[in-house]
Amino acid sequence: MAALDNCYNVNDLRAAAKRRLPRGVFEFVDRATEDHLALAANRSVFQDIKLRHRALLDVSGRTTKTTLFGKEMAIPMAIAPTGAAGLCWYRGELALAKAAAAANIPLTLSTASMTAMETIADQAGGRLWFQLYVWKRRDLSYQIIERAKKAGYEALIVTVDSAVAPNREYNNRNGFALPFNPSARFLFDVALHPAWTLGVMGRYLTTIGMPKHENYPAEFQGTITSGSAGRSDAMRLDSLNWDDIKIFRDMWPGILMLKGVNRVDDAHRAIAAGVDGLIVSNHGGRNMDSAAATLSVLPTLAAEVGDKTTLILDSGIRRGSDILKALALGAKAVLTGRATLYGTAVGGEAGASKAIGFIKTELDKTMAYTGCRTPAEISTDVFFGDAANGWDAEA
Ligand SMILES: Cc1cc2nc3c(=O)[nH]c(=O)nc-3n(C[C@H](O)[C@H](O)[C@H](O)COP(=O)(O)O)c2cc1C
């Protein structure tokens with residue numbers, strides 16, 4: 001695939017995705033909210049950390065493999081839940097899941113994804129986690145949890161940073177909305193991107209029909225062009241609270257994680273509620289624009305609860321060196337959202353595999369340079385200077 005052959009890193013995949021996707025779809029994936037402050041902060045904190053080489057240590061036997069929740073995985077990385085892979089590529093979630101399974105890393109399927117969780121389990125396999133957006137009618141959430149349990153998902157991840165719908169003003173400008181809104185602007189945008197129009201929408205229409213949110217409760221499973229397909233306020237839930245988490249804990253026998261816990265007091269409450277892992281996340285900067293960068297809040301969380309729970313970080317991972325920095329500051333693993341979506345948008349499974357491969361190679365090289373032979377050997381000892389304390393807003 002020519003577009004993929006010319007990509008050498010995640011930034012190249014992003015540029016190729018920008019050419020291929022209609023502007024509305026690309027911006028939905030790529031951009032964030034309001035003035036994009038959180039999006040920028042997520043990246044700049046990673047970029048500001050400088051590392052030191054270690055000389056003359058034999059690192060020839062190094063490995064990026066690690067163990068998370070008792071199981072080995074090839075890199076300390078899993079795929080974040082995103083509702084958009086199926087818009088980026090025909091059956092994009094299946095493509096991404098197959099790439100994750102082949103790479104031996106977990107995949108998180110979003111409530112808002114377009115491929116049924118059972119199909120992913122049957123056709124991709126691998127290590128699967130399910131992300132839950134809680135519905136206003138709680139019984140609908142319980143049905144989804146039962147489905148995930150029956151389909152054999154290893155972990156349930158409840159997203160807790162989305163009390164209200166974000167201000168994505170650019171979507172108003174570019175005409176993109178879910179359900180798709182056939183505005184002249186969006187139709188023109190689609191017409192300018194025939195590879196996507198034929199390769200994604202065309203393939204859906206000539207095979208399974210307009211995609212649906214197959215993981216929504218049955219009565220909300222409209223197609224992406226029909227009324228019930230939007231991320232309605234049934235999912236942006238300002239009444240979600242700790243009592244819900246207790247109920248989910250009772251219902252879910254597997255690993256339970258909360259996604260979007262960035263405060264120590266919340267972390268303590270989550271641990272007391274029996275939660276197994278916390279994802280330090282600001283939703284990739286997509287929700288609250290003044291959110292602190294996740295790498296800035298990680299050190300305090302790691303110091304306070306790092307030995308009581310499993311901390312995973314997302315928001316801003318674009319390079320393998322970012323994983324090393326997150327692990328040094330206390331994460332056990334990271335999630336990638338956009339990085340692997342860009343790859344999926346350019347080449348489906350092959351593109352997602354490329355994105356994972358770039359990040360893995362970069363992590364391996366950074367480990368070799370810094371003298372870390374295993375992920376467990378990564379610490380702030382590899383950092384240059386003492387800026388680590390300065391990033392910690394709560395210190
Ligand atoms: C297009 C897109 C859709 C997303 N959809 C969801 C979702 O359905 N549920 C969720 O918990 N997070 C969702 N997220 C957030 C990601 O799970 C993750 O937190 C974020 O992408 C991490 O930042 P990164 O993109 O910089 O890696 C989405 C992110 C993107 C980019």
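Residues numbered from 1 in each chain as written. Predicted model: local features only at pLDDT ≥ 70, side-chain atom pairs only at ≥ 80, totals over all residues. Heavy atoms only, no water.

**Things to note about the overall build of the chain**
Next up, step 1: Looking only at helices and strands, the chain features 17 helices and 10 strands.
Next up, step 2: Relative to a compact globule of 395 residues, whose C-alpha radius of gyration would be 21 Å, the chain shows 20 Å and is just as compact.
Next up, step 3: By principal-axis analysis of the C-alpha atoms, the chain measures approximately 60 × 50 × 40 Å.
Next up, step 4: Classification of the 395 residues of the chain by burial places 58% in the buried group.
Next up, step 5: Of all intrachain contacts in the chain linking residues separated by at least 6 positions in sequence, the fraction that spans at least 24 positions is 73%. (Helix = DSSP H or I, 4+ residues; strand = E, 2+ residues; numbered from the N terminus. Rg over C-alpha atoms; globule rule 2.2 N^0.38 Å. Buried < 20%, exposed > 50% of the residue type's maximum accessible area, 1.4 Å probe, protein only. Contact = heavy atoms within 4.5 Å.)

**Topic: the confidence of the model for the chain**
Next up, step 1: Mean pLDDT over the chain stands at 93; residues scoring 70 or higher make up 94%.
Next up, step 2: When pLDDT is averaged over each helix and strand of the chain, the minimum, 51, is found for helix α17 (residues 387-390) and the maximum, 99, for strand β10 (residues 333-336). (pLDDT = per-residue confidence, 0-100.)

**Digging into unusual backbone geometry**
Next up, step 1: Notably, E34 is not glycine yet its phi reads approximately 40°, a positive angle.
Next up, step 2: Locating E34 in the fold gives a position in the loop between α3 (23-30) and α4 (37-48).
Next up, step 3: The backbone of H36 shows a phi angle near 60°, a positive value even though the residue is not glycine.
Next up, step 4: Locating H36 in the fold gives a position in the loop between α3 and α4.
Next up, step 5: In this structure H36 comes out as buried when scored by relative accessible area, which is 16%.

**A short note on the packing of aromatic side chains**
Next up, step 1: The full count for this structure, using the stated rule, is 6 aromatic pairs.
Next up, step 2: The rings of W135, Y216 and F220 are connected pair by pair, giving a single aromatic cluster.
Next up, step 3: The cationic tip of R286 hangs over the ring face of F28; the distance from NZ or CZ to the ring centre is 5.0 Å. (Phe/Tyr/Trp six-rings, centres within 6.5 Å; stacked < 30°, edge-to-face > 60°. Lys NZ or Arg CZ within 6 Å of the ring centre and 35° of its normal.)

**Topic: helix α2 (residues 10-20)**
Next up, step 1: Burial in α2 covers these residues: V10, L13, A16, A17 and R20. Each buried residue of α2 sits inside an arc of 120° when the element is viewed along its axis, so together they form one side.
Next up, step 2: Buried residues belonging to α2 abut α1 (2-5), α3, α11 (194-206) and α16 (338-370).
Next up, step 3: Its side-chain oxygen 3.0 Å from the backbone nitrogen of N11, N9 forms the N-cap of α2. (Arc of directions from axis to C-beta. Polar contact = N/O pair within 3.5 Å; in protein donor to acceptor, adjacent residues only side chain to side chain.)

**Side note on the packing of helix α8 (residues 138-150) against helix α12 (residues 242-251)**
Next up, step 1: Interhelical geometry of α8 versus α12 gives an angle of 30° and a closest axis separation of 11 Å. The pairing of α8 with α12 is recorded here as roughly parallel in orientation. α8 and α12 meet at a crossing whose hand is right-handed. Side by side, α8 and α12 meet where R138, Y142, I145, E146 and K149 of the first sit next to D244, I247, F248 and M251 of the second.
Next up, step 2: Among the residues making up the contact of α8 with α12, the classes are represented as 5 nonpolar, no polar and 4 charged. (Axes fitted to C-alpha atoms, helices over the stretch in contact; angles between N-to-C directions. Parallel < 35°, antiparallel > 145°, perpendicular 65-115°, else oblique. Left-handed = near helix turned anticlockwise from the far one by under 90°. Nonpolar A, V, L, I, M, F, W, Y, C, P; charged D, E, K, R; others polar.)

**Topic: the pairing of strand β7 (residues 255-259)**
Next up, step 1: With 5 of 5 residues buried, β7 is to be regarded as a mostly interior element.
Next up, step 2: In β7, alternate side chains face the same way, and those of I255, M257 and K259 on one face and L256 and L258 on the other are all buried.
Next up, step 3: Sheet topology places strand β6 (residues 155-159) next to β7; 5 bridges connect them, and they run parallel. Each residue of the ladder has a partner; that of V158, found in β7, is L258.
Next up, step 4: Sheet analysis places β7 next to strand β8 (residues 277-280), joined by 3 bridges and oriented parallel. Its bridge partner lying in β8, M257 is registered against G277. (Pairing = 2+ DSSP bridges.)

**Quick notes on the site of the ligand**
Next up, step 1: Near the ligand you find 26 residues, and of these P81, S110, T159, D314 and G316 are the closest.
Next up, step 2: For the ligand, an oxygen atom lies 2.7 Å from a polar atom in the side chain of T159.
Next up, step 3: Within the complex, the protein chains bury 100% of what would otherwise be the 600 Å² of accessible surface of the ligand.
Next up, step 4: Of the residues assigned to the shell around the ligand, the class counts are 8 nonpolar, 12 polar and 6 charged. (Near = heavy atom within 4 Å. Areas by Shrake-Rupley, 256 points an atom, 1.4 Å probe, with all protein chains shown as cover.)

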